[in-house]
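The primary structure of each chain is shown beneath.
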Amino acid sequence: MKKQLTVLFLFCFLNSYSQKNYPDFFYVRTTDSLPFLDYGLGEDRLGGAKMTFLDSNIVLRVVDSTGDKYKVQLSKLHSAYVQKEKVYPISPIEYDQHLTNSWNVYGDSLYDYVTIKLDERLPYRSMMEIHPSRIVLDIFGAVSNTNWITQLSTAKEIKNAWYEQTEDDVMRVIIELKHQQHWGYRIFYSSDNKLTVMVKRQPAKLDLSHIKIAIDAGHGGDNVGATGIASNIKEKDYTLLIAKELTRQLINRKAKVVMTRVKDTTLSMFERIQFLDQQDPTLLVSIHLNSSSKDSISGVSTYYRYIGFRSLSQAILKSMLQTGLRITLTV
Ligand SMILES: [Zn+2]
């Protein structure tokens, strides 16, 4: 009996020893190559469902590995996947609880901002909501220690900003907007670990002469896109033709227009986003010609990713149908 207990004790000791020395997780930080989190391991031709893009230098806890992706634990109840090439390993850090500091809500001549001081670059995800129009931001690993939210009258688009500690290790930031229409936002860390949500305001005048429109001719160069089965036309050629004509029409109506490409150039998604970030247009329209394996599907369609942009997508579809284009869709 005594022997058995000793063996059991030794086993427990070895077990705890090995856990201490060989933890089944490690930490990484994101690089500056436009890293993003995926919800799961699903793949489609657009690369799987993305949870969010992330800033650089964000710390992530890796708990598993599969193929070219790591599984990362964002909080006790939430996990996601990140591409291995978008992160680099770091030495172990203290990562149990991160307290938030004071907030500021303010505006400058162009944008509104919410800034939250943190002691580490924690991961986050955001959601766009409508009716009422809100930006909801979850900060993983953050625990509220915020006493003050300073809201200055220089903020023009942000109506309200507050938080809820929705889980022990998830702090939710809610930003309520004045206008029903969303115009976009950007999330990043400034140099002193200040998590910043930069909110775009509604343009002062909603006519074409006061807005800047980006036209993205899909594909190009090595990336041919779809090919017409009977006509043999290439998507990359026709997206450019349509983009050029649309640009001409918009300039005639006094809009300021920028194009992601004007020739048969190869452009990665990363390069397109970098260009659009610099240009900071009011609207972005990306042009594609889809193919379908079903004869019963033809005509025009519009797409959106974030619910706040459905109204633009619907307005464009309505206009296209008024020109005589049709939709034929048999599901
Ligand atoms: Zn396409």
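The rules behind the values
Residues numbered from 1 in each chain as written. Predicted model: local features only at pLDDT ≥ 70, side-chain atom pairs only at ≥ 80, totals over all residues. Heavy atoms only, no water. Helix = DSSP H or I, 4+ residues; strand = E, 2+ residues; numbered from the N terminus. Buried < 20%, exposed > 50% of the residue type's maximum accessible area, 1.4 Å probe, protein only. Contact = heavy atoms within 4.5 Å. Pairing = 2+ DSSP bridges. Axes fitted to C-alpha atoms, helices over the stretch in contact; angles between N-to-C directions. Donors = N, O, S within 2.8 Å, 3.2 Å for Na, K, Ca; no water. Salt bridge = Lys/Arg side-chain N within 4 Å of Asp/Glu carboxyl O. Polar contact = N/O pair within 3.5 Å; in protein donor to acceptor, adjacent residues only side chain to side chain. Expected span 1.5 Å × (residues − 1). Core = buried A, V, L, I, M, F, W, Y, C linked by side-chain atoms within 4.5 Å.

*Asks:* Mind showing me how you'd approach the overall build of the chain here?
*Replies:* The secondary structure content of the chain amounts to four helices and 23 strands. Principal-axis analysis of the C-alpha atoms places the extent of the chain at approximately 90 × 55 × 35 Å. Taken across its 331 residues, the chain has 38% of its residues classed as buried. Sequence-distant contacts in the chain: of pairs separated by 6 or more residues, those separated by 24 or more amount to 63%.

*Asks:* How do you make sense of the sheet that holds strand 19 (residues 212-217) when you look at a structure like this?
*Replies:* Within a sheet, neighbouring strands are paired by backbone hydrogen bonds and run either parallel or antiparallel to one another. One open sheet holds the three strands; their spatial order is 20-19-21, and the pairing between them is parallel. Pairing within the sheet leaves two strands with one partner each, and these edge strands are strand 20 (256-259) and strand 21 (283-287). Neighbour-to-neighbour, the strand axes of this sheet turn through a mean angle of 20 degrees, independent of strand direction. In this structure, strand 19 lies alongside strand 20, joined through four bridges in parallel fashion. Looking across to strand 20, one finds that I215 is bridged to M259. Strands in contact with helix 2 (residues 235-252) are strand 19, strand 20 and strand 21; relative to strand 19, the strand with the most contacts, it is inclined by about 165 degrees. Contacts from helix 3 (residues 269-279) reach strand 19, strand 20 and strand 21, with the element oriented near 170 degrees to strand 19.

*Asks:* What's the story with the coordination of the zinc ion in this structure? I'm lost.
*Replies:* The expected angle between donors at a tetrahedral four-coordinate metal is 109.5 degrees. At an octahedral six-coordinate metal it is 90 or 180 degrees. At 2.0 to 2.1 Å from the zinc ion lie its protein donor atoms, namely H219 (NE2), E235 (OE) and H288 (ND1). Sequence spacing of the donors to the zinc ion: H-x15-E-x52-H. Within this pair, whereas H219 is found in the loop between strand 19 and helix 2, its partner H288 is found in the loop between strand 21 and strand 22 (298-299), the two being separated by 69 residues in sequence. Classification of H288 by relative accessible area gives partly exposed; the value is 42%.

*Asks:* I keep staring at the pattern of salt bridges and nothing clicks. Help me out?
*Replies:* A side chain of one charge can pair with a side chain of the opposite charge if their charged atoms are brought near each other. Inspection of the entire model under this criterion finds twelve salt bridges. Its salt-bridge partner being D277, residue R186 comes within 3.2 Å of it at the nearest N-O pair. One end of the pair, R186, is in strand 17 (residues 185-190); the other, D277, is in helix 3, and 91 residues separate them in sequence. For R186, a relative accessible area of 32% translates into the label partly exposed.

*Asks:* Hey, could you run me through unusual backbone geometry in this one?
*Replies:* When glycine is set aside, most residues are seen to have a negative phi, and most peptide bonds are trans. Cis geometry marks the peptide bond from H131 to P132; its omega dihedral reads 0 degrees. Residue N57 is not a glycine yet carries a positive backbone phi of 65 degrees. Tracing the chain through its elements places N57 in the loop between strand 3 (50-53) and strand 4 (59-66). A relative accessible area of 32% places N57 in the partly exposed class. Even without glycine at this site, N193 takes up a positive phi of about 55 degrees.

*Asks:* Can you help me understand the side chain of D55 in this one?
*Replies:* In this fold, D55 is placed in the loop between strand 3 and strand 4. At a separation of 3.5 Å, a polar atom in the side chain of D55 contacts the side chain of S56.

*Asks:* Looking at this model, I keep getting lost on the environment of D32. Mind explaining?
*Replies:* Assignment of secondary structure puts D32 in the loop between strand 1 (26-30) and strand 2 (36-38). For the pair formed by D32 and K76, sequence separation is 44 residues and the distance between their alpha carbons is 26 Å. In this structure, D32 is in contact with S56 and F270, ignoring residues within four places of it in sequence.

*Asks:* Any chance you could explain helix 4 (residues 310-322) here in plain terms?
*Replies:* The periodicity of an α-helix, 3.6 residues per turn, causes residues three or four positions apart to be oriented the same way. In a regular helix each residue adds 1.5 Å, so 13 residues correspond to 18 Å; helix 4 covers 18 Å between its end C-alpha atoms and thus fits that length. G324, located one to two residues past helix 4, shows a positive phi value of around 105 degrees.

*Asks:* Please clarify how the nonpolar core should be interpreted in this entry.
*Replies:* Judged by nonpolar contacts, the single largest core of 38 residues is most densely connected at L37, L60, V114 and I139. No other element matches the five residues that strand 16 (residues 170-177) contributes to this core. Beyond its immediate chain neighbours, meaning those up to four positions away, I139 contacts I116, L118, L122, P123, Y124, D169, V170, M171, V173 and L195. Formed by 14 residues, the second largest nonpolar core is a distinct cluster that contains I211, M259, L283 and V285.

*Asks:* Explain the environment of P35 here, please?
*Replies:* Here P35 is to be found in the loop between strand 1 and strand 2. Beyond its immediate sequence surroundings of up to four residues, P35 is in contact with T30, F53, L54, D55 and K86.

That is the geometry; function is a separate question.
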